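Chain by chain, the residues:
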Amino acid sequence: MDDSDPRPPPQGAAPHAPAGPWLRLRLRAARREAVPAAAFGLLGIVAAIGQAVCAARALQLALDGAGMGEAVGPLLGFAGLALLRAGLGVLFERAGFDAGAASRRRLRSEALGAMLAAGPALLRRHHSAELATVVVDRVEALEGLFARWLPAAMLALAGPVLVVLVVLWVDPIAAAILAAVGLLVPAAMGLAGLGAAAAARRQFTAMTRLQARFVDRVRGIATIVLAGHAEAEAQALGRAAHELRRRTLKVLSLAFLSSAAMDLAFAVGIVVLALRYAAGLADGSLVRPGDALLVLLLVPEFFAPLRGFAAAYQDRSHAGPAAEALAALPEPPPAPPALPVRNVAARGVAVAFEDVCLTWDASRGRALDGVSFRVPAGETLILTGPSGSGKSSVLEILLGFVRPESGRVTLNGADIATLVPAAQARLVAWIGQRPVLFASSIRDNIRFARPEASDAEVEEAARFARLDPVLATLPQGLDTPVGEGGYGLSGGQAQRVAIARAFLKNAPLLLLDEPTAHLDPATEAEVLDGLRRLALGRTVVLASHAAAAHAFSGRRLDLRDGRVQLGRGVA
Amino acid sequence: MSALFRIMALWRPQAGWMVAGVVLSLAALLAALLLMTQAGFTVGAAALGGALVAPVGAAVALRSLGALRIVLRYGERMATHDALFRALAALRVWFFRGLAARAAGGLGFRRAGDVLSRLVGDIEALDILYIRILVPLAGAALLLPVLAWVIGAVDVALAVVVVVLFALAAFGLPLLAARISWRESGRIAGAFAGLRIACLDTLAGLREVRAFGAEGRMLATVQGREAGLLAAQHSLATRAALAGAAAFLAGQAALLAVLVFALGQGNAALVAVAFLVVAAFEAVAILPRVGAGHAARAAGRVLEVADGPLPQAAMPPAPMPAGSAIRFDGVYFAWAADRPKVLDGLTLDIPQGSRVALLGPSGAGKSTLAALLLKVARPQEGRILLGGTDIAALGDDAVRARCAWLSQATHLFSDTIRANLALGLPPGATADDSRLWAALEAARLAEVVRALPQGLDTWLGEGGLGLSGGQGRRLALARALLSDAPILVLDEPCAGLDAATEREFFQALNEGAAGRTVLLIAHRLTGAERLDRIWRLSAGRAVAAAG
């Protein structure tokens, strides 16, 4: 870690490549939403031109030695247009915000929808916090792109063209000069050897790298402190930052030339026009100083949209990494086949696996390798075997988290491949190793199983799961908040909430995945008691390598490396 | 706002550079003002008959001002960015040091990675402080007397009007906007937290969501929270836009005042004044919308973490004992006074060189034991002895040098494999490649690394090589084995790994850690561990378990 060299990661050379098409598609979709902002911006420019006309007229009258009375018109016009322009400015910003909000809303729903569609299999590859960062922060980082950059990009051409058209009407030669210096901007940028785009991107990439290193070291601060490297790393961080500064300034010294090109264009415009008018007025070839003042007042308006575009360019740069993260999300899986939805009898479900194979990770071989079994309605199947033998995979197929590669899985004879996910979810209740409690009350957490359930039904479920003794000790009973920021329930208490959920759902097929793996023996016995009562009258598939297996009676199936072990049949 | 001053005080060593940036920025601003003013004056004078300045002189003045402005603007950009990078580096190093010194408070030890990343976001929010707040404010402070002086020479009453309006646009409205953004950013932060929790709930609970067919409901919840966030942001954006519009109107009112005054005067200088007013107000137009209140809140959060009181160190530390036997002696501990006790009179002996497992359900305080041993937390009662000496009397770093720590929170850095391994060595020490390879060999990772084209210099993490979960954990093991620490503290080292990978890890550990004391903390055993004693943590005490 004493390495002070902020070397770029070797493969990080072309980080923007995959996000390109993704971003173009989203920008095209958002263009329509940016139109109101661009329209308000353009109207603002029109009002600004009007103001310049009024101001120039008033100044001309002043130079002519006219009094207040003659200039009332232009002055009132100036004031009125100022108010209008202020109002248009507010509308411009609000419309920009609305465009950004609409895009964020769309992208967030798209991202979360993709994750929900990919389902629990996603959690095998990504941590939930990392996924949440994509939905919350990465989408947020795209705000500027849609709210500011897109309208600014639309105005960058339209604004200056509008100004030149007005100048053309007053003084064609001045219009030609303005147009020429306007074209000087991109031309000078080209001469400087870089487009403003490339330079800004390089600066941004460098910043991102320092930021990434900093985030990385801060996240791992416990590791650094416990290894006794805190001071060494602080110094390395300082060296890296200063090295980065030296390098970045080298890049910036070129990049700022393109900003200087804009300044040059502005200065040339002002100086050339001022001298032209001074000379014209002095030798009498120009008789209306008002026109000269108008053109000079319009020069800043000519450059304002270009400046706005340059300023918004950093919003465009910020979009790169965010778009990359979003573009990397899994494509939603193909929609279930358009077969007629099978109606599986809700009471009493028989389960059958016929030669089912499944692979999670090709390098590890098959997780299930030709598994077959039948569970008649109302009976219990106990899957045993060491961790990694395929027990959870069987349950995940039944839950619809994953589809088998080959073989058939049927519920009451209907292939689950022909069931829509919602229909399949209605048939099964599931209790895993550690139930996730949502940041809400215990009541809402139970009701999660069936949102339309009445309070009485929720309370009955809580009683069934023997939650009453727990609730009695809690300040607000069923309404006690749990989950993030709430009251911390123990593993056994959380498992009882899961039992209450399953009871409330009242599905005919109960899937239990090592439900007591994280409990101490006393708690385990209590939870098992609840599970046995829940199992009455339902078809049950239980995966367990522990005592839980002995608490249930039923057919046993021993799995080893994804295969059914023969000769250890009915218990 | 005092938080912002505290942050600025951190930049004292960089003050020279920052002042240089401000000075150049002011010079560039003056050149811009003079250019506009001179342009107005030239045309105005010419309209009146060119009596005041000869066209030749005007041309020279305009051309040199134009050139000066370009050069100064360029210099300003370079100088302010140089100062910005210096300030940015100083702020990050200061934050890192502060955080490291206070990591003993538990932050970062208990999986707080997301909280930390958000703090990094707060640091980024402070980057605007110099270029977007301090530099324009300095410009405004310069412009105020310039306006008063230049316009005062023409007419005092007009100068008063313009100066008051300018003060409103450059100071009054920005202050008001800062107050608004301070208030609203609190609301926005709350809405953000709500959205984040809803997303985390949905994604951590993907299994529950799918099993209960709740996709639509969860999506609706997240959308609802998002709507709340957007509403809060909308309210802030509208107010900021209004503040900006008010500042704009102040500028227009000033210009109107100049026009009204100019009527009937027939004075070319007034054309110049009109151009000056336009340029001056444009220079401060950014100020009402920089979100200073947001930066102030961020500064507050950063200071809270990195600037609090330092935990007291034992002075001077006792000499390190020769032996490495560990004894927990009647230890009581709770993470906070209002939280339940996690250790309740725990007594436990771990002889030197033994391999001990400590089992217990999650939340039983197993990780607390590691935190206490590593001096990340200290017991409220009881003692922890290392080689017979109370660790409270020993230096933090000395104790940690004895104990190599490996948990699911052990971080692999976006850096080379070599640099990641070097974290196992004492700071500043280097090891020859043969030692690194021996450690990788012991962790059963050498083959994987040897197959990489860049070997030990392969970059890990974002944009680099993605190690699998098991390989990552074994690299952390190699790092731990590379250290000479006689004690290995393994806190759920295999959490989140599948069974086969877990077995491989323990097989590597069994051989690689020969001769060292091993304290394994887990909620269950796989059967692959080689152990001398097994303890179970129950009701805050260690109970002997079978084994």
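Residues numbered from 1 in each chain as written. Chains lettered and ligands numbered in written order. Predicted model: local features only at pLDDT ≥ 70, side-chain atom pairs only at ≥ 80, totals over all residues. Heavy atoms only, no water.

Colleague: Which parts of the structure should I look at to understand the overall build of chain B?
Modeller: Tallying secondary structure elements over chain B gives 17 helices and ten strands in all. For chain B, restricting intrachain contacts to residue pairs at least 6 apart in sequence, the fraction spanning at least 24 positions comes to 77%. (Helix = DSSP H or I, 4+ residues; strand = E, 2+ residues; numbered from the N terminus. Contact = heavy atoms within 4.5 Å.)

Colleague: So what exactly am I meant to see when it comes to the overall build of chain A here?
Modeller: If you tally the helices and strands in chain A, you get 17 helices and twelve strands. With 571 residues in all, chain A has 53% of them scored as buried. When contacts within chain A are restricted to residue pairs at least 6 apart in sequence, long-range pairs at least 24 apart make up 79% of them. Counting only carbon and sulfur atoms, one obtains 59% of the accessible surface of chain A, whose full area is about 23,500 Å². (Buried < 20%, exposed > 50% of the residue type's maximum accessible area, 1.4 Å probe, protein only. Areas by Shrake-Rupley, 256 points an atom, 1.4 Å probe, with all protein chains shown as cover.)

Colleague: Looking at this structure, I do not really get the sheet that holds strand β1 (residues 326–333) of chain B. What am I missing?
Modeller: Hydrogen bonds along the backbone pair up the strands of a sheet, which may run parallel or antiparallel. Residues and elements named next belong to chain B. Reading across the sheet, the four strands line up as β2-β1-β4-β5 and stay open at both edges, with antiparallel pairing between neighbours. Sheet topology places β2 (343–350) and β5 (389–390) at the edges, where each strand pairs with a single neighbour. With five bridges joining them, β1 and strand β4 (residues 381–386) adopt antiparallel strand pairing. By the bridge assignment for β4, Arg-327 is matched with Leu-385. Of the strands in this sheet, β1, β2 and β4 touch helix α11 (residues 366–373), which is tilted by about 115° from β1. (Pairing = 2+ DSSP bridges. Axes fitted to C-alpha atoms, helices over the stretch in contact; angles between N-to-C directions.)

Colleague: Is there a simple way to explain the packing of helix α8 (residues 230–283) of chain A against helix α2 (residues 15–47) of chain B in this structure?
Modeller: Any two packed helices are characterised by the angle at which their axes cross and by the distance between the axes. With their axes 8 Å apart at the nearest point, α8(A) and α2(B) run at an angle of 15° to one another. Classed by the angle they form, the pair α8(A) and α2(B) counts as roughly parallel. Of the two elements, α8(A) crosses α2(B), and the hand of that crossing is left-handed. Contact with α8(A), carried on its side by A:Phe266, A:Ala267, A:Ile270, A:Val271, A:Ala274, A:Tyr277, A:Ala278 and A:Leu281, involves B:Leu35, B:Met36, B:Ala39, B:Thr42, B:Val43, B:Ala46 and B:Ala47 of α2(B) and no other residues of that element. Each residue belonging to the contact of α8(A) with α2(B) can be placed in one class, and the counts come to 14 nonpolar, one polar and no charged. (Parallel < 35°, antiparallel > 145°, perpendicular 65-115°, else oblique. Left-handed = near helix turned anticlockwise from the far one by under 90°. Nonpolar A, V, L, I, M, F, W, Y, C, P; charged D, E, K, R; others polar.)

Colleague: Any chance you could explain the interface of chain B and chain A here in plain terms?
Modeller: Contact residues are listed per partner, giving 134 residues for chain B and 141 residues for chain A. Both faces considered, chain B and chain A share a buried interface measuring about 12,300 Å² in area, 72% of it formed by carbon and sulfur atoms. Per-residue buried area on chain B facing chain A is highest for B:Phe96, B:Arg210 and B:Phe212; these three make up 7% of the total on that side. Our count for the chain B to chain A interface comes out at nine salt bridges. A salt bridge links A:Asp263 to B:Arg77, with the nearest nitrogen and oxygen atoms 3.2 Å apart. Remark: the boundary between chain B and chain A carries 23 residue pairs in polar contact (both at pLDDT 80 or more). Here the side of chain B that touches chain A is built from residues that sort into 75 nonpolar, 30 polar and 29 charged. (Buried area = accessible area lost by both parts, 1.4 Å probe. Salt bridge = Lys/Arg side-chain N within 4 Å of Asp/Glu carboxyl O. Polar contact = N/O pair within 3.5 Å; in protein donor to acceptor, adjacent residues only side chain to side chain.)

Colleague: Help me understand the sheet that holds strand β9 (residues 509–513) of chain A in this model?
Modeller: Residue and element names in this part refer to chain A. Read across the open sheet, the six strands follow the order β6-β9-β10-β3-β11-β12; overall the sheet is mixed. Each edge of the open sheet is held by one strand with a lone partner, namely β6 (428–431) and β12 (563–564). As defined by bridge partners, strand β3 (residues 380–384) adjoins strand β10 (residues 539–543) across four bridges and the pair is classed as parallel. Bridge pairing links Thr-380 to Val-540 in β10. Contacting β3, β6, β9, β10 and β11 (555–560), helix α10 (residues 391–399) runs over the sheet at an angle of about 145° to β9.

Colleague: Please clarify how the pairing of β9(A) should be interpreted in this entry.
Modeller: Residue and element names in this part refer to chain A. Counting buried residues in β9 gives five out of five residues, a clear majority hidden from the surface. Every second residue of β9 is oriented toward a common face, with Leu-509, Leu-511 and Asp-513 on one face and Leu-510 and Leu-512 on the other, all of them buried. Of the pairings in the sheet, the one linking β9 to β10 comprises five bridges and is parallel in character. Within β10, the position partnered with Asp-513 by the bridge is Ala-543.

Colleague: Quick question: what am I supposed to make of the nonpolar core here?
Modeller: Side chains of a nonpolar character, in soluble globular proteins, are inclined to be buried together. By size, the foremost hydrophobic cluster in this structure holds 123 residues, and its most contacted members are A:Phe353 and A:Ile446. The contacts of A:Phe353, once residues within four sequence positions are left out, are A:Val371, A:Ser372, A:Phe373, A:Val394, A:Ile397, A:Leu398, A:Arg408 and A:Val409. A:Ala292, B:Ala39, B:Leu143 and B:Ala170 belong to the second largest nonpolar core, which has 94 residues in total. (Core = buried A, V, L, I, M, F, W, Y, C linked by side-chain atoms within 4.5 Å.)

Colleague: Is there a simple way to think about the side chain of B:Thr80 in this case?
Modeller: As for its position among the elements, B:Thr80 is in helix α3 (residues 55–102). Apart from the residues within four sequence positions on either side, B:Thr80 is in contact with B:Gly21, B:Tyr130, B:Ile131 and B:Val135.

Colleague: Which parts of the structure should I look at to understand the environment of A:Ile270?
Modeller: All names here are of chain A. One can find Ile-270 in helix α8. The buried category is assigned to Ile-270, whose relative accessible area is 0%. Residues Ile-270 and Val-295, spaced 25 residues apart in sequence, show a C-alpha to C-alpha distance of 9.4 Å.

Colleague: Explanation requested: unusual backbone geometry in the structure shown.
Modeller: Residue and element names in this part refer to chain B. In this model, Lys-375 sits at a positive phi of 60°, which is unusual for a non-glycine residue. Within the secondary structure, Lys-375 is located in the loop between α11 and β4. In this structure Lys-375 comes out as buried when scored by relative accessible area, which is 10%. Of note in the backbone geometry, Glu-492 takes a positive phi value of approximately 45° without being a glycine. For Glu-492, the position within the fold is in the loop between β7 (487–491) and α17 (499–512). For Glu-492, a relative accessible area of 15% gives the class buried.

Colleague: Any chance you could explain a nonpolar patch on the surface here in plain terms?
Modeller: Taken together, the side chains of A:Leu157, A:Val161, A:Leu165 and A:Leu168 make up a nonpolar region of the molecular surface, amounting to roughly 390 Å² of accessible area. With respect to the element layout, A:Val161 can be found in helix α4 (residues 143–170). (Patch = residues over 30% accessible without salt bridge, like charges linked within 9 Å, V, L, I, M, F, W, Y side chains within 5 Å.)

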